[in-house]
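# Notes for the structure review
Listed below are the residues making up each chain.
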Amino acid sequence: MDHQHWKNRGVFILAAVGSAVGLGNVWRFPYIAYSNGGGAFLIPYFVALFVAGVPLLILEFSLGRMVQKGAPQAMEYIKKEFKWLGWFAILIGSTIVVYYAVIMSWCFGYLIYSFTLKWGANPETFFYGKYLGLLPFEKAGHFGGVQIPILIGLAVTWIWIFLSIFKGVDSVGKVVLVTVPLPVLILVILIIRGVTLPGALDGLNYFLSPNFKALLNPDVWIAAFSQVFFSMSIGFGIMIAYASYLPDGSDINNNALLAGLLDALIAFMGGLAVFSVLGYLAYTKGVAVPEVVTSGPGLAFITYPTILSLLPFWAQFFSVLFFIMLLTLGIDSAFSLVEAFVAGVEDYIKIKRETFIAIVCFVAFILGIPFATRGGLYYLDVIDHYLTSFGLIFVGLLESILVGWVLGSNQVREFANLTSDFKIGKWWDISIKFIIPIILGAMLIINFVNSINKVYGGYPLWLNIVAGPVWIAILLTISLYLSYKLRKGV
Amino acid sequence: MSAGAWIMLIFATVILLGGSLFSIYLAIRK
């Protein structure tokens, strides 16, 4: 199969930014900033961005451009015995996209509901009770029946993913021209709408007022590094795959810097959009802003719809915009996860790429059905916790150690500098060899100790074990099997 | 909004927007 290339540099950057920017930029970053020192959080966040985020992007872009293949082959290039790590990275991503697509399906459902503001006066009851049909917490681990509207949305999501990537970088390059700028434009509209509402400045005050004492708390620094690490689509093999489609002579360092800065910029804009309307909600209810602050799906599907219903005019219009924004933010991240998988296996498949991707999307749709059931949210929550808290950090840790100490950060740095708009110095080696492994190692240990001390989320122990260690062990076993079975090298 | 909040707003905007524009300048100057 001929190796494809991006049409131009701008398209590559858009694709990389589209992958990095996801729902977390809107529903995670603002909350993390607010609860970790407000405006003061920006200082550790920028430190983490420049010390870990951008260096890791440079690392993955360099690997992709060097090897011009997916993550397994890139790891094999570093050391043959670590090919499994590449498989493990893309299998983690493949698991995540199965339930990420379900969240996209919720966005589709809510986009339709936006036209009539169907969530009515009580969005919480509507979301958990009617839309998800969520089983009581005591029944966590049961599936219940499939929720048909979610299933339909899931099918639409997978068709959209298929259409986005079936022609590889050609189709991805066309899709990102719309799905990356559009949510940014909508974000600007939502910020303007938000800051012109009464109470908005009070909300923004909670987001931006700095509490510099928080900087003395190590947890705040860990939160900043975690946010940067999870937001950049690092550790899935995505950036390796995307960079593998760069032609020889392409820039690496500046592309990584721009992708990192744009991801952070969009997260910051997300904070402005969210906290301005939270201020309005608090004003309307006559309560303090902290009483209405939420994050995650609760923010997107309960709090934000509540606010949308309260808007003085054009409520449906802004609702439609909001959910189009979530969909377009999420779709690039979703299909980049599938693309990372396809880039890893395309050397080993004998059928046409389009047919293979159709099969992958169909299988992923089927695997996603359990998450579309009445108990699906509980499974989604537990699996996501373990894959991100352990699997992803583990990949990032080993990846930086392998590049830093086995391949040699010096060699990678020189490779990146050769064709880049600006050169990086030895500080990059220090970051890859010491700072990133130490921080990711500390995060891994902290998460491990927390898991031993307390069962996650109050869910049954068996559910934690099955969705956590057992699932990770299965992915590791498959990774080892694939690296043994598929020996065709680079 | 407090003075501190305004300062952080300007600080973040300068770093993020300024940094992005500078990066784009580096990319297109050749």
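Quick look at the structure, then. Every value quoted in this text rests on a predicted model; they were computed, and no experiment measured them.

## Overview of the overall build of chain A
From N to C terminus, chain A includes 20 helices and zero strands. Scaling as 2.2 N^0.38, a compact globule of 490 residues should have a C-alpha radius of gyration of about 23 Å, and chain A matches this with 22 Å. In terms of principal-axis extent, the alpha carbons of chain A reach across some 60 × 50 × 50 Å. When each of the 490 residues of chain A is scored for burial, the buried share is 62%. Within chain A, contacts between residues separated by at least 24 positions form 85% of all contacts whose residues are at least 6 apart in sequence. Only carbon and sulfur atoms are counted for the fraction: they give 69% of the accessible area of chain A, which is about 18200 Å².

## Some words on the environment of asparagine 253 of chain A
All names here are of chain A. Along the polypeptide, asparagine 253 turns up in helix α14 (residues 253–285). A relative accessible area of 0% places asparagine 253 in the buried class. C-alpha of asparagine 253 to C-alpha of threonine 419: the two residues are 166 residues apart in sequence and 8.7 Å apart in space. Each residue touching asparagine 253, except ones within four places of it in the same chain, is listed here: Ile58, Ala416, Asn417, Ser420, Phe422, Lys423 and Ile424.

## Focus: the interface of chain B and chain A
Counting residues at the interface gives 20 residues for chain B and 25 residues for chain A. Both faces considered, chain B and chain A share a buried interface measuring about 1800 Å² in area, 76% of it formed by carbon and sulfur atoms. Of all residues in chain B, the largest losses of buried area upon contact with chain A belong to Met1, Met8 and Leu16 of chain B, amounting jointly to 33% of the total for that side. Summed over the shared surface of chain B and chain A, the number is zero salt bridges. Taken together, the residues that form the side of chain B that touches chain A break down as twelve nonpolar, six polar and two charged.

## Here's the deal with unusual backbone geometry
All names here are of chain A. Positive phi outside glycine occurs at glutamine 68, with the angle close to 55°. One can find glutamine 68 in the loop between α4 (42–67) and α5 (71–78). In the Ramachandran plot, leucine 117 falls in the positive-phi region, its phi being about 50° despite a non-glycine side chain. Its location among the elements puts leucine 117 in the loop between α6 (83–114) and α7 (123–131).

Rules used throughout
Residues numbered from 1 in each chain as written. Chains lettered and ligands numbered in written order. Predicted model: local features only at pLDDT ≥ 70, side-chain atom pairs only at ≥ 80, totals over all residues. Heavy atoms only, no water. Helix = DSSP H or I, 4+ residues; strand = E, 2+ residues; numbered from the N terminus. Rg over C-alpha atoms; globule rule 2.2 N^0.38 Å. Buried < 20%, exposed > 50% of the residue type's maximum accessible area, 1.4 Å probe, protein only. Contact = heavy atoms within 4.5 Å. Areas by Shrake-Rupley, 256 points an atom, 1.4 Å probe, with all protein chains shown as cover. Buried area = accessible area lost by both parts, 1.4 Å probe. Salt bridge = Lys/Arg side-chain N within 4 Å of Asp/Glu carboxyl O. Nonpolar A, V, L, I, M, F, W, Y, C, P; charged D, E, K, R; others polar.

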